[in-house]
There are 2 protein chains.
Amino acid sequence: MAAIADCPPLTRESVQKAHEIVRKHVHLTPVVTNTTLNNIASTPQSADALEITEYKGRTPAKPKIRFFFKCENLQRIGAFKVRGAFHAISRLPEEVRRKGIVTHSSGNHAQATALAAKTFGIQAHVIMPKISTPSKVEATKALGANVHFSGSTAPEREAVTNKVLGTLEPGAVILPPYDHPDIILGQGTLALEFEQQVEDLGSKLDAVIGPCGGGGMLSGTATALHGTGIRVYGAEPMHEGANDAQRGLAQGSRITDVSTLTIADGLRTPLGEITWSVISDKEKVRGLFSVTEEQIKAAMKLLMERAKLFVEPSACVGLAVALFNEDFRSLVEKEAGEDGWNVGIILTGGNTTIDAIIKLFST
Amino acid sequence: MAAIADCPPLTRESVQKAHEIVRKHVHLTPVVTNTTLNNIASTPQSADALEITEYKGRTPAKPKIRFFFKCENLQRIGAFKVRGAFHAISRLPEEVRRKGIVTHSSGNHAQATALAAKTFGIQAHVIMPKISTPSKVEATKALGANVHFSGSTAPEREAVTNKVLGTLEPGAVILPPYDHPDIILGQGTLALEFEQQVEDLGSKLDAVIGPCGGGGMLSGTATALHGTGIRVYGAEPMHEGANDAQRGLAQGSRITDVSTLTIADGLRTPLGEITWSVISDKEKVRGLFSVTEEQIKAAMKLLMERAKLFVEPSACVGLAVALFNEDFRSLVEKEAGEDGWNVGIILTGGNTTIDAIIKLFST
């Protein structure tokens, strides 16, 4: 991994340069629209629906919303994570790269790193928690990575990471899953495409909502769109405090410990130092909004049944905010008025299974 | 409905003209590729997997296949059917059209007709079987159509159709779901896009596999691609004789009665007279292949979990043929040799629900 001091600055121009590097390795994923979801979003929620929420008694907002969905679920390995992995590994000098890459992830970053390493003909070592979904472990191995198991806590993970590093040539680098400029800039490339693809459809985005876990993708998106006039918002699950970015902003300092089992399993991680610095900058990210587990499930059902998009729970929080979060909906009503907004929703990934869907919706 | 004698001939040029009419009303649906599915298709099935099939004892074929998926599940109303409906209604003279349109369908054609009628500001009357899925009835009504219920047999349906026609001005027309040139030409427009989109990706289709129910879409595809060198094949479920096209070809005459409850519910219908004339023409459709219910489910699971595409069972028969039908796979091995083929798979629709998926995969 390039030392942070050697990385390009977090600017739109750096994202554009990252895009030149990344574009040949990733799919230009489609942007789709959906009239039914526009209609649902542009209809006030019923007072009854609000009755069981924190918005009880409020007059439901009447925003006008036209959606554009950026389908990173159709990306290679089924998630945007390949963008950051290809960018970061591309930028490593050949002599560093060939010592091997070490990373830790229970999910999409594991497969992304494995694919990028395989493409460059180098060895990836991925530390995964013992409790990882077997299908994700298998997929990572199938891409040629060396999988090492650890316990689920940070110290347990670091112990295994150090042990693995000890077996490699000195100078082998750790590829962090989100808190690194090269990763952030790589993930931000999806936002450049999104902006252009909506223009190609004859429209212009007014706002974009992206899910926020460790914050790499949201930081990259905010960096890519800074200065364009397109407003960037973050979406988080609120279950068991998973909305650490929102809570951190409220208290004025980063929250570093989160322990949540939200169904949006890609969003269980707290922000890192660098991603916090971007996301807590109001000029870059206008606000964070959070949603309940039931709202995530409802958004997932709508994305599948109405938009025919196969998405994982983490990918659904942005739509859930636009449909169900009255704070966000009032904001759109107020700021956009009669014209309404073209709202871009980043669908981050589709790595779920039919078995997981059965489990999720049978309970 | 234009009298059949007044319709354009079933030629590629007519499909091109239909595309000029239809393109402004429909989405240009994406074409996607998937390395994992290419690898699965290009790996011989295990001898064990063949053990429980009609291919028991055969040496598994070793075809090389690169897939391109035409995502009509992302089409308006979630299926290709809007193409035929918009084309047919567009070609009606204004004075005929405004008398209203009558059709019958339990599925995607119902919603397609409702949407096209709504767009032209005319009334659609849709005869649906009493046993139709409630969500499909609701969706059709939500698009402004007048839904009339009938029994499930053809005579019961015709009785209700005639009753409804009796309430309309003389000259109101019936829009058949597939067996009409205007419908066939409209559906064929997807194949023109498919051909061009694969060229835009720098490749060229060698073959296309399309599902075959009533045969409108398959006939339209064969018509659109006739003379291009792209081979067209049809895919059917074999459950309870649903493979009427294949069986009809074997016996040399059209099969008109089919009674099957295959999970591919869009493919339960037998061919019509016109679609039979196209599909039985070896110059247009090179062959028909059929698959089991388990193979359809396996293809559906792969499309969702690996390609992240939300598809209904009927959309999965083409992939099932390419992955599991040894007759087709041997043909590709023999005809394509070392080069392999670029095989286009038409994903016809995505109108299923999470409840239906739970029912399908929990048993």
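Every chain begins its residue count from 1, and numbering advances along the sequence as written. Written order determines the labels here, with chains lettered from A and ligands numbered from 1. Note on the predicted model: pLDDT of at least 70 is required for a residue's local features to be given, and 80 or more for side-chain atom pairs to be given and counted; whole-chain, interface and lining totals, by contrast, use all residues. With hydrogens and water stripped out, all remaining heavy atoms of the structure feed into the side-chain values.

**Comments concerning the sheet that holds strand β5 (residues 146-150) of chain B**
Residues and elements named next belong to chain B.
Logical step 1: Here four strands make up an open sheet; going across it, the order is β5-β4-β3-β6 and the pairing parallel. Lying at the two open borders of the sheet, with one neighbouring strand each, are β5 and β6 (173-174).
Logical step 2: As paired strands, strand β3 (residues 101-104) and β6 are joined by two bridges and run parallel to one another. For Ile101, the partnering residue across the bridge sits in β6 and is Val173.
Logical step 3: Helix α6 (residues 108-119) rests against β3 and β4 (124-129) of the sheet, and its axis sits at about 170 degrees to β4. Paired strands are those between which DSSP finds at least two bridges. Think of it this way: any DSSP run of H or I at least four residues long counts as a helix, any run of E at least two long counts as a strand, and we number them from the N terminus. Whether two residues are in contact is decided by their heavy atoms, any of which lying within 4.5 Å being enough. Lines are fitted to the C-alpha atoms to define the axes, a helix being fitted only along its stretch in contact, and any angle between axes, read from their N-to-C directions, falls within 0 to 180 degrees.

**Some points on the environment of A:Asp179**
Residues and elements named next belong to chain A.
Logical step 1: Tracing the backbone through its elements, the reader meets Asp179 in the loop between β6 (173-174) and α9 (181-200).
Logical step 2: Relative accessibility under 20% of the residue-type maximum defines a buried residue, over 50% an exposed one, and the middle range a partly exposed one, all with a 1.4 Å probe and only protein chains included. For Asp179, a relative accessible area of 21% corresponds to the partly exposed category.
Logical step 3: Beyond its immediate chain neighbours, meaning those up to four positions away, Asp179 contacts Gly272, Glu273, Ile274 and Thr275.
Logical step 4: At a separation of 2.9 Å, a polar atom in the side chain of Asp179 contacts the main-chain amide nitrogen of Ile274.
Logical step 5: Under this definition, polar contacts are N or O atom pairs within 3.5 Å; protein pairs additionally need one hydrogen-donor-capable and one acceptor-capable atom, and for neighbouring residues in sequence, both atoms have to be side-chain atoms. At 3.0 Å, the side chain of Asp179 forms a polar contact with the backbone nitrogen of Thr275.

**Remarks on the nonpolar core**
Logical step 1: For our purposes a nonpolar core is just a set of buried Ala, Val, Leu, Ile, Met, Phe, Trp, Tyr and Cys residues, chained together by side-chain atoms within 4.5 Å. One finds A:Phe67, A:Leu303, B:Phe67 and B:Leu303 to be the most contacted residues of the largest nonpolar core, which totals 94 residues.
Logical step 2: Residue contacts for B:Leu303: discarding those within four places in its chain leaves B:Leu37, B:Phe69, B:Lys308, B:Leu309, B:Val311, B:Cys316, B:Leu319 and B:Leu347.

**Side note on the packing of helix α13 (residues 293-305) of chain B against helix α14 (residues 317-324) of chain B**
Residues and elements named next belong to chain B.
Logical step 1: Where α13 contacts α14, the axes come no closer than 8 Å and their chain directions differ by 105 degrees. Classified by the angle their axes make, α13 and α14 are roughly perpendicular. Contact with α13, carried on its side by Gln295, Ile296, Ala298, Ala299, Leu302 and Leu303, involves Val317, Leu319, Ala320, Leu323 and Phe324 of α14 and no other residues of that element. For this classification, under 35 degrees means roughly parallel, over 145 means roughly antiparallel, 65 to 115 means roughly perpendicular, and everything else is oblique.

**Notes on the domain arrangement of chain A**
All names here are of chain A.
Logical step 1: Residue ranges for the domains trace back to a domain assignment, done automatically or taken from a database. When the domains of chain A are assigned, the result is domain 1 (25-78 + 184-361) and domain 2 (80-178).
Logical step 2: Contacts between the two partners involve 28 residues from domain 1, matched on the other side by 19 residues from domain 2.
Logical step 3: Two parts placed together each lose some accessible area under a 1.4 Å probe, and adding up what both lose gives the buried area. Of the roughly 1,800 Å² buried at the junction of domain 1 and domain 2 (both faces included), carbon and sulfur atoms supply 59%.
Logical step 4: Of all residues in domain 1, His25, Ile77 and Gln187 give up the largest surface area on contact with domain 2, accounting jointly for 35% of the area buried on that side.
Logical step 5: Criterion for a salt bridge: a side-chain nitrogen of Lys or Arg within 4 Å of a carboxyl oxygen of Asp or Glu. Linking domain 1 to domain 2 there are two salt bridges.
Logical step 6: Of the charged contacts, one joins Arg83 and Glu193 as a salt bridge, the two residues approaching to 2.9 Å between their closest N and O atoms.
Logical step 7: Mapped onto the side of domain 1 that touches domain 2, the elements with two or more residues apiece are α9 and α10 (216-225).
Logical step 8: Residues are grouped as follows: Ala, Val, Leu, Ile, Met, Phe, Trp, Tyr, Cys and Pro are nonpolar; Asp, Glu, Lys and Arg are charged; every other residue, Gly included, is polar. Per-class residue counts for the side of domain 1 that touches domain 2 are eight nonpolar, 15 polar and five charged.

**Here's the deal with the sheet that holds strand β7 (residues 207-211) of chain A**
Residues and elements named next belong to chain A.
Logical step 1: The six strands are arranged β1-β2-β10-β7-β8-β9 in an open sheet whose pairing can be described as mixed. Looking along the sheet, the strands with just one partner apiece sit at the ends: β1 (31-32) and β9 (287-291).
Logical step 2: Bridge count for β7 against strand β10 (residues 341-347) is three bridges, and the pairing is parallel. Residue Val208 lies in a different strand from β10, and its bridge partner there is Gly344.
Logical step 3: With respect to the sheet, helix α11 (residues 244-251) is in contact with β8 (231-237) and β9, its orientation differing from that of β9 by roughly 130 degrees.
Logical step 4: Against the sheet, helix α15 (residues 326-336) engages β2 (65-71), β7, β8, β9 and β10, with an angle of about 145 degrees to β10.

**Quick notes on helix α4 (residues 81-90) of chain A**
Residue and element names in this part refer to chain A.
Logical step 1: Of all 10 residues in α4, 10 are buried, a share of seventy percent or more.
Logical step 2: Along α4, the residues classified as buried are Lys81, Val82, Arg83, Gly84, Ala85, Phe86, His87, Ala88, Ile89 and Ser90.
Logical step 3: On its buried side, α4 packs onto α1 (12-22), β2, α5 (94-97), β3 (101-104), α6 (108-119) and α9.

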